[in-house]
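# Overview (structure and organization)
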Amino acid sequence: MTDDLLHAPLTIEFGFNRTTGPVVGAFYTGLREGKVLGIKGADGRVVCPPVEYDPTTGAPLTEMVEVGTEGTVTTWSWVPTDREGQVLPAPYALALVQLDGADTAMLHVVDVSSTDQISTGDRVKIRWADERQGLLTDIACFEPAGGAA
Amino acid sequence: MGANRVAVIGCGQTKYTAIRGDVSMPGLIREAAYRALDDAGLTMDDIDAVVIGKAPDFFEGMMMPETYLAEALGAVGKPLFRVHTAGSVGGSTAIVAASHVEAGVHERVLTIGWQQQSVSEAMWALSFPIPFQQQLVAGAGGYFAPFIREYMRRSGAPDDIGILVALKDRVNALKNPYAHLHEPEISYDSIKESFMLWEPIRYSETCPSSDGAFAMVLGSEKAAEQAQAATGVRPAWIIGTSMKSEPATANGRDQITPQAGKDCAADVYRQAGITNPLEQIDMVEMYVPFSWYEPMWLENLGFAAEGEGWKLTEKGTTQMDGQLPVNCSGGVLSTNPIGASGMIRFGEAAMQVRGQAGDHQVDGVNTALGHAYGGAAQFFAMWVVSAEKP
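Because the structure is predicted, anything quoted here is derived from the model rather than measured. (Residues numbered from 1 in each chain as written. Chains lettered and ligands numbered in written order. Predicted model: local features only at pLDDT ≥ 70, side-chain atom pairs only at ≥ 80, totals over all residues. Heavy atoms only, no water.)

### A look at the overall build of chain B
Inclusion rule: For helices the rule is a DSSP run of H or I covering at least 4 residues; for strands it is a run of E covering at least 2, with both sets numbered from the N terminus onward. With C-alpha atoms as the basis for the radius of gyration, the globule rule is written as 2.2 Å multiplied by the number of residues raised to the power 0.38. Throughout this description, buried means an accessible area under 20% of the type-specific maximum (1.4 Å probe, protein chains only), exposed means over 50%, and partly exposed covers the range between.
Counting secondary structure elements, chain B contains 13 helices and eleven strands. Here the C-alpha atoms of chain B give a radius of gyration of 19 Å, agreeing with the 21 Å that 2.2 N^0.38 yields for 390 residues. When the backbone C-alpha atoms are referred to their principal axes, chain B occupies close to 55 × 45 × 45 Å. For chain B, the residues scored as buried account for 64% of the 390 residues in total.

As structure tokens, this is what we get:
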């Protein structure tokens, strides 16, 4: 019966833009320049990527700090199969990476070819995109930094 | 209203402008919120819950922003939720916030409405040809223009009443430093000569596209007394609230003076003890995005008999120095961050009662009406605020 019901496709395309504000804007500008910025929270710990307002107290945060381009895998998942729209050809790892000097981890991809090559605690480093535009994809991916931490 | 008294004890807003490129969305909202807290002599620690409202997500392409505004609004560890009723959302949001105090659930609730029109194109965001749904391919002005034409036909109003409304509101806006449009050169002739967008609506009879936010702190009787003692500003007691809805299309539906609007007004007047609105209400902040909606709503809200609303406009009754000043802030015709516009109406009414409206303050406002509508003139939200404790 349901085959008889009318149906029609809808593809929505519509333009949007964003205002980033002073903190998030500085983070993306930093990526374009090849550096990663975090921000010092009310408790002195560094949040990266940075946030405008303290996650606990809500106070406005202003103290941007540069963190490292190397970090530690805090947990990970494995992507074994190529699918359309993925940022890397599979296989690769999705991982939470805590950059040196930061107290929070960010989700990104790690370019390794088998699960033998990644584990929690591994050291990884940023592989920058060839052309940086001020986007999170300026970090093309992470790759093993060589040697365990 | 219910068992517990509720009052507006703090108001805050941003300077409205076409593009607030210097702040993020959370930064914009926070600016209004913290101004309202300052006005109430409070900090975020004093707030029990946060109720926010914005226009459809597609207007900004920001889906469910309430899910990541907790830290920006200092709402960590507190209830934070969103209300949505199209263009009337700012009013509905304030009413939902008030109901929490009225019910005795919270002492102090922060409520905020906002929009960044600059990040997209709200005019066309609701005009997608979604299969098998009613389409609004004309944009909002094109949708409402035929109803304005019908109002003119029914009422026999002179065809320049809309110009008079637009001139009044844009001149009023010059007295409001927060208003988006400041056009000192505005004149009857410049409005008349502005280009015709959707006949009979001219460009200068149409609301602008604005970025901005408005916030209020609503408090219990105890909170209101404490705030007044701390700030010296009297609370605006909420003496009636009402929301009504109806379908966009229905047999016998009158789009010129919708039944939901009449019912909403009757409900809010009954609560506030108003039997003669023109005599008993001192000023109105009314949702007028296209000039002709002033006379149309004057009738829908019971300030004039059907077909007679335009006469109040023509006589100057709705001017700042008239018997019933309407939109002293400059109204939606001068400032339109859609998701905030209803709350601006409610908040400006409260500011008038509190004596906080600065150069656009009307002397001796005791009772004021805030009004908002949304969708296809199908969602209504209203409140009446008073200087006198109910």
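### Thoughts on the side chain of Ser92(B)
In plain terms, the rule: By the convention used here, residues are in contact when the closest approach between their heavy atoms is within 4.5 Å.
Among the structural elements, Ser92(B) can be located in helix H2 (residues 89-102). In this view, Ser92(B) contacts Val83(B), Thr85(B), Met243(B) and Ala381(B); residues no more than four positions away in its chain are not counted.

### Considerations on the domain arrangement of chain B
All names here are of chain B. The test is simple: These domain boundaries are the output of an automatic or database domain assignment. Joining two parts hides part of their accessible area as seen by a 1.4 Å probe, and the buried area is that hidden amount summed over both. The salt bridge definition used is simple: a Lys or Arg side-chain nitrogen within 4 Å of an Asp or Glu carboxyl oxygen.
Domain parsing of chain B yields domain 1 (6-122 + 209-231) and domain 2 (136-207 + 239-386). Listed as interface residues are 44 residues of domain 1 and, on the opposing side, 34 residues of domain 2. Of the roughly 2,700 Å² buried between domain 1 and domain 2 on both sides combined, carbon and sulfur atoms contribute 67%. Linking domain 1 with domain 2 are one salt bridge, by the criterion used here. For the salt bridge of Asp39 with Arg354, the shortest nitrogen-to-oxygen distance reads 2.9 Å.

### Things to note about the sheet that holds strand E1 (residues 6-13) of chain B
For sheets, the rule is that strands pair by backbone hydrogen bonds, running either parallel or antiparallel. Residues and elements named next belong to chain B. Rule in force here: Paired strands are those between which DSSP finds at least two bridges. Each axis is a line fitted through C-alpha atoms, and for a helix only the stretch in contact is used; angles between axes span 0 to 180 degrees, taken between their N-to-C directions.
Strand order in the open sheet made by the nine strands is E3-E2-E4-E7-E1-E8-E11-E10-E9, with mixed pairing throughout. Two strands lie at the open edges of the sheet, namely strand E3 (80-83) and strand E9 (283-285), each paired on one side alone. Across the sheet, the axes of successive neighbouring strands diverge by a mean angle of 30 degrees, strand direction being ignored. As judged from the three bridges shared by E9 and strand E10 (residues 367-374), these two strands associate in the parallel manner. Paired with Met283 across the strands is Ala368, a residue of E10. Packing against the sheet, helix H1 (residues 25-40) makes contact with E1, strand E4 (108-116) and strand E7 (211-220), and its axis sits at approximately 130 degrees to E1. Lying over the sheet, helix H13 (residues 338-354) contacts E1, strand E2 (49-54), E4, E7, strand E8 (236-245), E9, E10 and strand E11 (379-386), oriented at roughly 50 degrees with respect to E7.

### Points about the side chain of Asn300(B)
Residue and element names in this part refer to chain B. Definition in use: Counting of polar contacts relies on pairs of N or O atoms within 3.5 Å, with two restrictions inside protein: one atom must be capable of donating a hydrogen and the other of accepting it, and residues adjacent in sequence are counted only when both atoms are side-chain atoms.
With respect to the element layout, Asn300 can be found in helix H10 (residues 293-300). In terms of polar contacts, Asn300 uses its side chain to reach the backbone carbonyl oxygen of Pro258, at 3.0 Å. The residues touching Asn300, leaving out its near neighbours within four places in the chain, are Thr257, Pro258, Gly261, Lys262, Ala265 and Phe380.

### Re the interface of chain A and chain B
Rules: Three classes are used: nonpolar for Ala, Val, Leu, Ile, Met, Phe, Trp, Tyr, Cys and Pro, charged for Asp, Glu, Lys and Arg, and polar for all others, with Gly counted as polar.
Contacts between chain A and chain B engage 24 residues on the former and 31 residues on the latter. Put simply, chain A and chain B have zero salt bridges between them. Here chain A and chain B share seven residue pairs in polar contact (both at pLDDT 80 or more) between them. Taken together, the residues of the side of chain A that touches chain B break down into twelve nonpolar, eight polar and four charged.

### Let's talk about the pattern of salt bridges
Counted according to the given criterion, the structure contains 32 salt bridges over all chains. In this structure, the salt-bridge partner of Arg127(A) is Asp111(A), at a minimum N-O distance of 2.9 Å. Highlighted residues: Arg127(A) in strand E7 (residues 123-128) and Asp111(A) in the loop between strand E6 (106-110) and E7, separated in sequence by 16 residues. Residue Arg127(A) is classed as partly exposed on the basis of its relative accessible area, which comes to 30%. Asp111(A) gets classed as partly exposed once you look at its relative accessible area, which sits at 28%. As a salt-bridge pair, Lys311(B) and Glu308(B) come within 3.0 Å of each other at their nearest N and O atoms. If you follow the salt bridges from partner to partner, you end up with Lys54(B), Asp57(B), Glu60(B), Glu66(B) and Arg82(B) in one network.

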